[in-house]
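Given next are the chains, with one letter for each unit.
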Amino acid sequence: MRIGVPKERAEGEKRVATVPDVVAKLIKLGFTVAVESGAGDASNFDDDSYRAAGAEVLASAAEIWGGCDIVFKVRPPAADEVALLRIGATLIGFVWPAQNPQLMEQLAARKATVLAIDSLPRQLSRAQKMDALTSMAGVSGYRAVIEAANAFGRLFNGQVTAAGKIPPAKVFIAGAGVAGLAAIGTAANMGAIVRANDTRAEVADQVVSLGGEFVKVDYEEEGSGGGGYAKVMSEGFQAAQREMYASQAKDADIIITTALIPGKPAPRLITAEMVQSMKPGSVIVDMAAEQGGNCELTVPGEAVVRHGVTIVGYTDLVSRMARQSSTLYSSNLLRLTEDLCKTKDGVIDVNFDDDAIRGLTVIKQGEVTWPPPPLKLPAPPPPKPAGAVAAPKASAHGPGEPMSSKALTIVFGVGAVLFALVGLYAPVSFLAHFTVFVLACFIGYMVIWNVTPALHTPLMSVTNAISSIIAIGALIQIAPPLDAAGAADRPHLLILALAVFALALTAINMIGGFAVTQRMLAMFRK
């Protein structure tokens, strides 16, 4: 089958649905790829780079829409583009079926199969590789901070210089979804004091882990709406939230709003009165401007100044980083294509038995299949009855039940007999080594084998001390100490080989232990 990539026609859209690196991978799956001339120019991917990757570059959009079995798109197609689509072709891209009923009718009339990447069931963990909404939200959150810094005109990080003291910027982020978390991490890394709020209580730890402070609304209500989005909150919660936002607006230098609810206009979080209460020179970046905006004074697509506050309402934040956005988006489409073409023969199979594919498919061969049926998620485990005693956990090496007294007696009895035989008949020199061996086995079991697997990684650092003892013993066997006459007994060839082998294994363990320790320490450093 042939995949076509037309040039995006929407105003201000600079992304392209496939980049040259992904073209080569699509060809390995058995597809041929055609790209409209100039499709990647705005993302800094020229026609020659597509040709070098193996794609065919066509002169017009009509050749792409009418000559390809599958069309990769970023923005929803316009009516004139749908009219060019081949009958029975497949369209993959952002569609927003709830907001575009007329477009759905036009695509159904073309007997098309449409996979809306925005309809991906994000509850499925294995669908994360195809989650273009998350990819784009991460880029837009980062870019929102960059736009805020540009409009703010001051340093984000605090400094003390000979010319005076510069206080750090105070950033408040409304909404801690993917975009909000990306903004929190970026602003914190730039040295700002970051505070954030979200209706979902479970994101508080994520905010703190990225260097921010979670500001809680003084009202108890859970705000998770499923699918990674928040739900519409009660009037009581919204009143308490507005009071908190009003307080933050007076103190913050920069406010970044990210609140969106699927299928609904963006909730109004920042009123004109809050804007007026902000310090002159402050900045608001409204990431929900395309859906009406979270700020009452936002002008979609523009940056305006109201009451001395710059309100940035750009709707093309993702396109302002077009090369990065295109690379991530094309990777999401590649992963989707791999799931559609598991046989790698260049033919896709829209399999409704796959929950992810079923959720994405809004039209199949002209039949509207949106909205999909509810996902059959696994039922939560039943609650434990009150007063129930938890059963002993099974260890990694056997059942959780303790050894019976009879079995324990037999084991110790056999061990005692063996030790007695060794003591009676073995030479004295052997007994010393044997005692060290037994103690080493016991210590090894208690220190390593008997430790829960969750602690094995930090335990590698501790075992370096034990490994050093083994290394010293091996070195003594390889180069035994000299006697009074200055001579040394050369070890037997087998002993020498075992000592060298032990030294090699110990060196690997020690180097690995230090490497793991270094990686663990790096996790706790900025």
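Remember, predicted model here, so these are calculated numbers, not experimental data.

**A look at the overall build of the chain**
Phase 1 of the analysis: Along its length, the chain carries 16 helices and 19 strands.
Phase 2 of the analysis: Taking all 526 residues of the chain together, the buried fraction comes to 39%.
Phase 3 of the analysis: Look at the contacts in the chain between residues 6 or more apart in sequence, and 62% of them connect residues 24 or more apart.
Phase 4 of the analysis: Carbon and sulfur atoms form 62% of the exposed surface of the chain, whose accessible area is close to 28,500 Å².

**Looking at the sheet that holds strand 6 (residues 113-116)**
Phase 1 of the analysis: Ordered by their spatial adjacency, 8 strands build an open sheet running 3-2-1-4-5-6-18-19, and the pairing between neighbours is mixed. With partners counted over all chains shown, the strands left at the sheet margins are strand 3 (56-58) and strand 19 (367-368), one partner each.
Phase 2 of the analysis: With 2 bridges joining them, strand 1 (residues 2-5) and strand 4 (residues 70-72) adopt parallel strand pairing. From the neighbouring strand, Gly4 faces strand 4, where its bridge partner is Val71.
Phase 3 of the analysis: Taken strand by strand, helix 11 (residues 322-340) contacts strand 4, strand 5 (90-93) and strand 6, and its axis lies near 140 degrees from that of strand 5.

**Side note on a nonpolar patch on the surface**
Phase 1 of the analysis: On the surface, Ile410, Val414, Val417, Leu418, Leu421, Leu424 and Tyr425 cluster together to form a nonpolar patch covering roughly 770 Å² of accessible area.
Phase 2 of the analysis: Here Tyr425 lies in helix 13 (residues 405-425).
Phase 3 of the analysis: Among the residues examined, Tyr425 registers a relative accessible area of 69% and is labelled exposed.

**Points about helix 16 (residues 493-522)**
Phase 1 of the analysis: With 30 residues, helix 16 extends 44 Å between its outermost C-alpha atoms, agreeing within 8% with the 44 Å of an ideal straight helix rising 1.5 Å per residue.
Phase 2 of the analysis: Every buried residue of helix 16 is listed here: Ala499, Thr506 and Gly513.

**So, helix 1 (residues 20-28)**
Phase 1 of the analysis: Three or more residues of helix 1 are buried, namely Pro20, Val22, Val23 and Leu26. Burial along helix 1 is one-sided: seen end-on, the buried residues are contained in an arc of 150 degrees. In helix 1, the exposed residues that point more than 90 degrees away from the buried face are Asp21 and Lys28.
Phase 2 of the analysis: Buried positions along helix 1 lie against strand 1, strand 2 (32-36), helix 2 (47-53), strand 4 and helix 11.
Phase 3 of the analysis: Looking at the residues trailing helix 1, positive phi occurs at Gly30, about 105 degrees.

**As for the pairing of strand 15 (residues 283-286)**
Strand residues, when the strand is regular, have side chains that alternate between the two faces of the sheet.
Phase 1 of the analysis: Burial along strand 15 is two-sided: the residues Val283 and Val285 and Ile284 and Asp286 are all buried.
Phase 2 of the analysis: Relative to strand 15, strand 14 (residues 254-257) runs parallel, the two sharing 4 bridges. Bridging from a neighbouring strand, Ile254 pairs with Val283 of strand 15.
Phase 3 of the analysis: In this fold, the crossover linking strand 14 to strand 15 by way of helix 10 (residues 272-277) has right-handed handedness.

**A few points about the sheet that holds strand 9 (residues 170-174)**
Phase 1 of the analysis: Within the open sheet, the 7 strands sit side by side as 11-10-9-14-15-17-16. Their pairing is mixed. With partners counted over all chains shown, the strands left at the sheet margins are strand 11 (213-214) and strand 16 (303-306), one partner each.

**Some remarks on the nonpolar core**
Phase 1 of the analysis: Phe72, Tyr329 and Leu336 are the most contacted members of the largest nonpolar core, which has 44 residues in total.
Phase 2 of the analysis: Mapped onto this core, the elements with two or more residues apiece are strand 1, helix 1, strand 2, helix 2, strand 4, helix 6 (132-152), helix 11 and helix 12 (355-360).
Phase 3 of the analysis: Sort the elements by how many residues they give to this core and helix 11 lands first, with 5 residues.
Phase 4 of the analysis: Leave out the neighbours within four places in its chain, and Leu336 touches Ile92, Leu115, Ile117, Met130, Ile357 and Leu360.
Phase 5 of the analysis: Among the nonpolar cores identified, the runner-up in size contains 30 residues, and Ala192, Phe214, Ile256 and Val283 belong to it.

Cut-off values and rules
Residues numbered from 1 in each chain as written. Predicted model: local features only at pLDDT ≥ 70, side-chain atom pairs only at ≥ 80, totals over all residues. Heavy atoms only, no water. Helix = DSSP H or I, 4+ residues; strand = E, 2+ residues; numbered from the N terminus. Buried < 20%, exposed > 50% of the residue type's maximum accessible area, 1.4 Å probe, protein only. Contact = heavy atoms within 4.5 Å. Areas by Shrake-Rupley, 256 points an atom, 1.4 Å probe, with all protein chains shown as cover. Pairing = 2+ DSSP bridges. Axes fitted to C-alpha atoms, helices over the stretch in contact; angles between N-to-C directions. Patch = residues over 30% accessible without salt bridge, like charges linked within 9 Å, V, L, I, M, F, W, Y side chains within 5 Å. Salt bridge = Lys/Arg side-chain N within 4 Å of Asp/Glu carboxyl O. Expected span 1.5 Å × (residues − 1). Arc of directions from axis to C-beta. Right-handed = clockwise from strand over helix to strand, strands pointing away. Core = buried A, V, L, I, M, F, W, Y, C linked by side-chain atoms within 4.5 Å.

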